[in-house]
Amino acid sequence: MDLVATAPAAGSGALERRVAHEGMLRTRGLRVTRGRLAVLDVLAAQPHADADAIHRAMASAEPSISLQSVHNVLAALHEAGVLRRFQPARSAARYELRVDDNHHHAVCSRCGRVEDVDCVTGEAPCLHAPAPAGFAVMQAEVTFWGLCAACAATER
Ligand SMILES: [Zn+2]
Ligand SMILES: [Zn+2]
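Residues numbered from 1 in each chain as written. Chains lettered and ligands numbered in written order. Predicted model: local features only at pLDDT ≥ 70, side-chain atom pairs only at ≥ 80, totals over all residues. Heavy atoms only, no water.

Focus: the coordination of the zinc ion (ligand 1)
- Looking at the metal site, the zinc ion (ligand 1) is ligated by Cys108 (SG), Cys111 (SG), Cys148 (SG) and Cys151 (SG), spaced 2.3 Å from it.
- Considering all four donor atoms around the zinc ion (ligand 1), the spread of angles at the metal, 106 to 114 degrees, places the coordination shape in the tetrahedral class.
- Sequence positions of the residues that donate to the zinc ion (ligand 1) give the spacing C-x2-C-x36-C-x2-C. Taken together, the positions of Cys111 in the loop between β4 (104-108) and β5 (114-117) and Cys148 in the loop between β6 (143-146) and α5 (149-155) put the pair 37 residues apart, joining distant regions of the chain.
- Residue Cys148 is classed as buried on the basis of its relative accessible area of 9%. (Donors = N, O, S within 2.8 Å, 3.2 Å for Na, K, Ca; no water. Tetrahedral: all angles 85-135°; square planar, octahedral: opposite > 155°, others 65-115°. Helix = DSSP H or I, 4+ residues; strand = E, 2+ residues; numbered from the N terminus. Buried < 20%, exposed > 50% of the residue type's maximum accessible area, 1.4 Å probe, protein only.)

Dropping the structure here:
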């Protein structure tokens, strides 16, 4: 078993979150490492962050971790199903902890802000398409584009 020497950041729920994250890694068969826990901490606070933003946010807690290491951690966590990866057009890949709930995304075409949109019907696929005969639709990945509330307010 790996021992994690770092104490979780102060703040309400930090310890519970750390325990939950360790559990998420172990149930997916992944070793618990400081780098993986640091990435999960960032994504708990900043859903839909990209690798650069995660790396910047980790800098104070884990200054020795390179951007390439962050990419490696993200790839391993995504591969194991701990993270969902989604990539809006013309944007870097974003990552989040909310997996397997078939939710969609609304992306602000001006500032790039990403917000979650709950599955419209509550189960996958939430849209039924006139798919080719014999094609079994399992999932609908929908991106809604528009202006976020802040950008829409400056429009007026
Ligand atoms: Zn915006
Ligand atoms: Zn999301």
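Observations concerning the sheet that holds strand β1 (residues 49-50)
- Pairing in this open sheet of three strands is antiparallel, and the strands run β1-β3-β2 from one edge to the other. For this open sheet the edge positions go to β1 and β2 (84-86), each flanked by a neighbour on one side alone.
- For β2 and strand β3 (residues 94-96), the ladder comprises three bridges, and the chain directions are antiparallel. Bridge pairing in β3 links Arg84 to Glu96. (Pairing = 2+ DSSP bridges.)

These figures capture arrangement, not role.
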